[in-house]
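Take a look at the letters that make up each chain.
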Amino acid sequence: MEWKKTYKEKILTADEAILKIKSGDKIVSGHAIAEPTVLLQAIVKNKEKFKNLELAHMVPMQKCDYVSENMKGRLRHNAIFVGAGTRDAVNDGRADYTPCFFSEVPKLFKEGYMEIDTALVHLSPPDKHGYCSFGASVDYTKPAAEHAKLVIAEINEYMPRTLGDSFIHVSKIDYLVDATRPLVELQPPKITDIEKKIGKYCASLVEDGSTLQLGIGAIPDAALQFLTDKKDLGIHSEMISDGVMNLVKAGVITNKKKSIHKDKTIVNFLMGTRELYDFVDDNPSIEMYPANYTNDPTVIMKNYKMVTINSCLQVDLMGQVVSEMIGDRQISGVGGQVDFVRGSVMAEGGKSIIAMPSTAARGKVSRIVANLTEGAAVTTSRNDVQYIITEYGIAELKGKTLKQRARLLIEIAHPDFRDSLVKEWEKRFFDKY
Ligand code: COA
């Protein structure tokens, strides 16, 4: 119980705690639901006291005042993933973007590729032994706290106590701030008829006893809706939201047939409603691990019948998948997409699915294109790609020639764009021979 004495001594207000950070420091903060917004807002409020801070994190879900123009010279954001709140700043040059597989983000800190002076984290209150849980985000946040010189933690009664490799002892935290407030909630997305068709095709590839990874958003949620008649599915994922919880409650996800972590849902972060946060709280059937474990393709591949379902923005006729950029504009990040694509195709009986609507921008552009828009980076390479799905069907590209791939992709493109794609296909494959 010695920790209780030191706990009290470490408690500061947010304004006091952030003054322990020094100008020039490299800060890594938690993200998504576990963004330490009380501390971040305190830095913004006290910006005149700092020069040249750097703030790195992944998914921005909450107020991003730290990327506003008046933070110039005070703090610069380094995005390891881009979201709505930071997108303009990254593309306008006010913030930076660091490409990295999610599985390797912990290694950036561990091996010094990215310096880290201070970790700002958002935790559950300590248990009777003095351990706080990283709650909704273990991912890169726990490794960041392990490699930082200074750790400042927000303690929030509303943060669920998740289990697994998700704990830090108060003796390893330098300063604590009482930051109890309800967590941000992510409501399940509205699913359109197009997304339902895509979801149905995705679900058709999932066999009983498969282990799943699903990305976030309408397409993975639509796929979940069509899995209700499957048996004994398992979860080994980067993140989960309410859709997975609903299938656990319905008895569809049992984790019974998993070849590793039998009976357990394995994940590194989660975003959803309060019902999800209550569901994961102290729940021994859910284990959270850092991303260097959950997202390691050599771990993922140990799951028999591993099926991964992710989304993208553009695919060219060779099967090159762009998931993070529209032309030279950074929209998102690689996250765990490639980690899970690689892990699932290496798994025995594994399948990797990339699913997207056939068009974007209210039907004005085809997502299947002859050539990628100039400036875009490829996320999943043509060597890794397996299934591409749109509302028009399934194209299985693995083992297919370039000519066959192009033909299969045209068949699942929107009919309005098929003629122009066929012309491109004929030009490439017939004019030459
Ligand atoms: N050309 C022009 N605009 C495009 C486009 C294209 N090829 N593709 C998409 N857009 C537009 C859409 O119309 C939409 O615009 P709107 O916001 O005005 O409606 C916007 O870009 C976002 O596209 P959308 O497909 O709706 O995004 P999404 O929310 O479904 O997310 C990804 C899709 C690919 C960005 C997302 O899945 C992602 O970040 N993936 C990479 C990371 C990953 O896979 N992680 C896996 C584990 S979580």
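Residues numbered from 1 in each chain as written. Predicted model: local features only at pLDDT ≥ 70, side-chain atom pairs only at ≥ 80, totals over all residues. Heavy atoms only, no water.

Draft legend 1. Up close: the overall build of the chain. When you go through the chain residue by residue, the secondary structure sums to 15 helices and 27 strands. Here the chain has a C-alpha radius of gyration of 22 Å; the compact-globule value for 433 residues is 22 Å, and the two agree. The dimensions of the chain, computed from C-alpha atoms along their principal axes, are 75 × 50 × 35 Å. Each of the 433 residues in the chain was classed as buried or not, and the buried ones make up 60%. In the chain, once contacts between residues fewer than 6 apart in sequence are set aside, the share between residues at least 24 apart is 70%. Within the structure as shown, the chain displays about 18000 Å² of accessible surface, and the carbon and sulfur contribution to it stands at 50%. Computed over 57 positive and 57 negative side-chain charges, the inter-centroid distance for the chain is 1 Å. (Helix = DSSP H or I, 4+ residues; strand = E, 2+ residues; numbered from the N terminus. Rg over C-alpha atoms; globule rule 2.2 N^0.38 Å. Buried < 20%, exposed > 50% of the residue type's maximum accessible area, 1.4 Å probe, protein only. Contact = heavy atoms within 4.5 Å. Areas by Shrake-Rupley, 256 points an atom, 1.4 Å probe, with all protein chains shown as cover. Lys, Arg positive; Asp, Glu negative; His and termini not counted. Charge placed at Lys NZ, Arg CZ, Asp CG, Glu CD.)

Draft legend 2. Inspection of the site of the ligand at higher detail. Lining the immediate environment of the ligand, one finds 19 residues, of which L313, S332, Q337, A361 and R367 sit closest. One of the backbone nitrogen or oxygen atoms of A361 is found 3.0 Å away from an oxygen atom of the ligand. When isolated, the ligand has an accessible area of 980 Å², and the protein chains bury 66% of it. Residue classes in the shell around the ligand are distributed as eight nonpolar, nine polar and two charged. (Near = heavy atom within 4 Å. Polar contact = N/O pair within 3.5 Å; in protein donor to acceptor, adjacent residues only side chain to side chain. Nonpolar A, V, L, I, M, F, W, Y, C, P; charged D, E, K, R; others polar.)

Draft legend 3. Layout of the sheet that holds strand β7 (residues 150-155). Taken together, seven strands build an open sheet; the order of strands is β4-β3-β2-β1-β5-β7-β10 and the sheet is parallel. Where the open sheet ends on each side, the last strands, each with one partner, are β4 (96-97) and β10 (175-178). Note that strand β2 (residues 53-57) and strand β3 (residues 75-79) share five bridges and pair parallel. Among the inter-strand pairings, H57 is bridged to a residue of β3, identified as A79. Of the strands in this sheet, β1 (26-29), β2, β3, β5 (118-123), β7 and β10 touch helix α3 (residues 37-45), which is tilted by about 115° from β7. (Pairing = 2+ DSSP bridges. Axes fitted to C-alpha atoms, helices over the stretch in contact; angles between N-to-C directions.)

Draft legend 4. Layout of the pattern of salt bridges. Counted according to the given criterion, the structure contains 24 salt bridges. Note that D92 and R94 form a salt bridge whose closest N and O atoms lie 3.6 Å from each other. The class of D92 is exposed, set by a relative accessible area of 53%. Overall, R94 belongs to the partly exposed group, its relative accessible area being 28%. (Salt bridge = Lys/Arg side-chain N within 4 Å of Asp/Glu carboxyl O.)

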